[in-house]
Each structure stands twice: as structure tokens, then as C-alpha cells.
Amino acid sequence: MAVATNPNRWKKRRAISAEPSHLARRGMPRRDELIAPAQGQQVLQAALLEIFAHPTREHPWNPNGRTLTGLYACYGSWISPQADRIIMGSTCAKRMASYLMPYVKNIDTNYPYCRGVPGLRHQRSTRHGYELLHLPTQTVVEIRDGRPGRYEYLLGEAKCNRDDPGYVALWRESDLTDVERQWDNIWCPSFHTGLSSAWFNALSILDTYDSARDAVFQPAAGEGSRAYLRWCGPLTPQAAVDALTAMGVGAYGEPLTVSATAPSFAVATAGGASIELHQRPECPGCRETHNKWHGSTATRSRGPADLGASKRPIAPGSSGRTQGPRFAAPV
């Protein structure tokens, strides 16, 4: 993708996303263009959105003694929308990477459980953190914390964080294993993949402020239905759509549009697919400081004025639909 020549555009994007300047310049498309990731990358981004904003604390891929669903809330700092890879900032890159990479427990049983994202592999360590490769979608995932990555650090983190000493590290295998192939259907694109992929980039916006709480995403049940995204905080649905547009994020080659709106509610549409956006009213917990684990609060210190959001309490929106987990363990 060509680098944007107008500094005002990438600086505006950087102010929204909190990503490093060189990544904002790298990822910002030219005027009247949108970021166009490969289909495999879109599928993985949609899957990560479902994991990080899972409606419950339980997920089939949760590692022992921890949860993938709270991973970005605990260790994520920013997301840099790019056309050729996924780049996430972290307060502790080695820990975030070790949580995501897969391993097997109960290897001697008839059904060994996969923990972590199936097919994710360590590709190399960089001066900014770690570069992973997702084999099923052939997508590069960078996790950065600004410190040089070391394979021995990652290996040690993975070992000490497993409460089952008998685990088998799938991420050290060169090819996909039979256990991981049980989730091959997850990596097939759907009608809503492009729109869900776009909203993966909003996690850093929704989880930036001190008052942000628990983004919840439920994928659409079918082609004629809507996906659902809910969060608690000062950022309005319209402001979230405007922020993604300012960062160069769209879906299906077109910008997101708001087809319906009400207080604390909107329907965002692109390519015929729609997603309901619900902003919950601020609760007592929103007024408490919400710090990342093992990291500084610098990326959470900006106020809602940075995105034009209101500080006033918002009336509650309509309730969301319920839906079974897309990542249910194979039978």
C-alpha cells in the first residue's frame, strides 16, 4: 500500500488509534482509498474480535487457568490497521504472544483439547516484540511492546504460564496438527467477515479510556441477520464509525455508513452486511480507574473529547440478541 503523503491525515489517525507514527504513515491509504486486507487476514481479524469480545468468560480455546477473552483488555494497547498484517501493541508482548499460541492438554485422551489460537506459530523475534504466522490464513501477526523480542523469553513465558506440566506446545510444530484441523471451518469466510474484520480495529478505540468496559461482540446468525457489538463508555456509535473511517478502515471496498440511529444506538452497514452498535449507559464501575495489567496507563489517559464523544450519561440502547458460540469444540 502506498504511503499517504498528507501528514494531517496520518496524524489524525495516530491521535485516534494511539499507534506509533511510522505505523500510522505505513497503514494510511491515499485519499479516497480504503485499507484492503487479504481475505485470510479478514477472517483472522474477525475471529480475534470474537475471542477478545466473547460474551462470556469461557471459550473453547482458553488456556488453563486464564482466559483469552480478557487478553486484549489486560495486555492490549493499540491496534494499527494495515493491509498486509495484523499489528497490535501490548504492555507485555511475550505474555500476550504466549497466551495466543496453541498447545494441547490431555494428549492421552480420546479428545485432546486445543488451547490458544489453532495454527498460530512463532515466526521470528524482532526489535519491537514478536512476529507470529497464522498457518490456516497465512496472516502475519505482530505483537509489539517496544522492547526487543527474545525467543528464550517467549519460551520461558509459555512454560511458566501453563498450570499443566504435561502440555504439548503445538506452536513449535512446523505444520498444522490433527487437533488444530478440527477448527478448519472457522477459517472459511462468511457473508459478514469483512464487516466483523473492520470492527476488530475498533477494539483499541473502545478500550482506550479509563471508563471503557467489556466490549461484547456476537456474530450474525445468518446472511439476513445483524452482528451485534456493545460497549460501556463515553464513545458514541456514530463517533466509533467516524473514527474507523478516519483511520482508513472500511469493508467490502466501501466506507461504513450509518443506516439507522437512536440515542446510544446505531446500525452500521457495508456491502449489504449490518452490525448493531449499542452504547451502554455509564455505571458506577465506569467511574473507577481501569488500568492495564503489567503496563503503563499512558495509552488510556486520553479523554473522550479526542474523538468528539460526550461525557454526559447516555440513555440505554435496545438489548442485544443471544447466540450460541461459533467456536464450540468439535464433537
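Residues numbered from 1 in each chain as written. Predicted model: local features only at pLDDT ≥ 70, side-chain atom pairs only at ≥ 80, totals over all residues. Heavy atoms only, no water.

Q: Quick question: what am I supposed to make of helix H6 (residues 151–160) here?
A: Every buried residue of H6 is accounted for by Leu 154, Leu 155, Glu 157 and Ala 158. The buried residues of H6 occupy one face: seen down the axis, they fall within an arc of 160 degrees. When the buried face of H6 is taken as reference, the exposed residues oriented beyond 90 degrees from it are Glu 152 and Cys 160. Where H6 is buried, its residues touch helix H5 (93–100), strand E5 (120–125) and strand E6 (129–134). (Buried < 20%, exposed > 50% of the residue type's maximum accessible area, 1.4 Å probe, protein only. Helix = DSSP H or I, 4+ residues; strand = E, 2+ residues; numbered from the N terminus. Arc of directions from axis to C-beta. Contact = heavy atoms within 4.5 Å.)

Q: I keep staring at the sheet that holds strand E3 (residues 103–105) and nothing clicks. Help me out?
A: Adjacent strands of a sheet pair through backbone hydrogen bonds, lying either parallel or antiparallel. In spatial order, the strands read E4-E3-E8; together these three strands make up an open sheet with antiparallel pairing. At either margin of the open sheet sits one strand with a lone partner, and together these are strand E4 (113–115) and strand E8 (168–169). Inspection of the sheet shows E3 paired to E4 by three bridges, in the antiparallel sense. Pairing of Val 104 across the sheet is with Cys 114, part of E4. (Pairing = 2+ DSSP bridges.)

Q: Just to check I follow, could you spell out the sheet that holds strand E7 (residues 139–144) for this structure?
A: The sheet built from five strands is open, its strands ordered E1-E2-E7-E6-E5 with mixed pairing. Of all strands in the sheet, those with a lone pairing partner are strand E1 (76–80) and E5, marking the two edges. The mean inter-strand angle of the sheet, taken between neighbouring strand axes irrespective of direction, is 25 degrees. As judged from the four bridges shared by E1 and strand E2 (residues 86–90), these two strands associate in the antiparallel manner. Counted as the bridge partner of Ser 80 is Ile 87 from E2. H5 contacts E1, E2, E5, E6 and E7 of the sheet and is inclined by roughly 145 degrees relative to E7. (Axes fitted to C-alpha atoms, helices over the stretch in contact; angles between N-to-C directions.)

Q: What exactly am I supposed to notice about the nonpolar core here?
A: For soluble globular proteins, nonpolar side chains are generally found buried alongside one another. Counting 77 residues, the largest nonpolar core has Phe 52, Met 88 and Trp 199 as the members making the most contacts within it. By residue number, the principal contributor to this core is helix H3 (residues 39–52), which donates seven residues. With residues up to four places along the chain from it excluded, the contact list for Phe 52 reads Leu 68, Thr 69, Leu 71, Tyr 72, Met 88, Met 96, Leu 100, Phe 200 and Leu 203. (Core = buried A, V, L, I, M, F, W, Y, C linked by side-chain atoms within 4.5 Å.)

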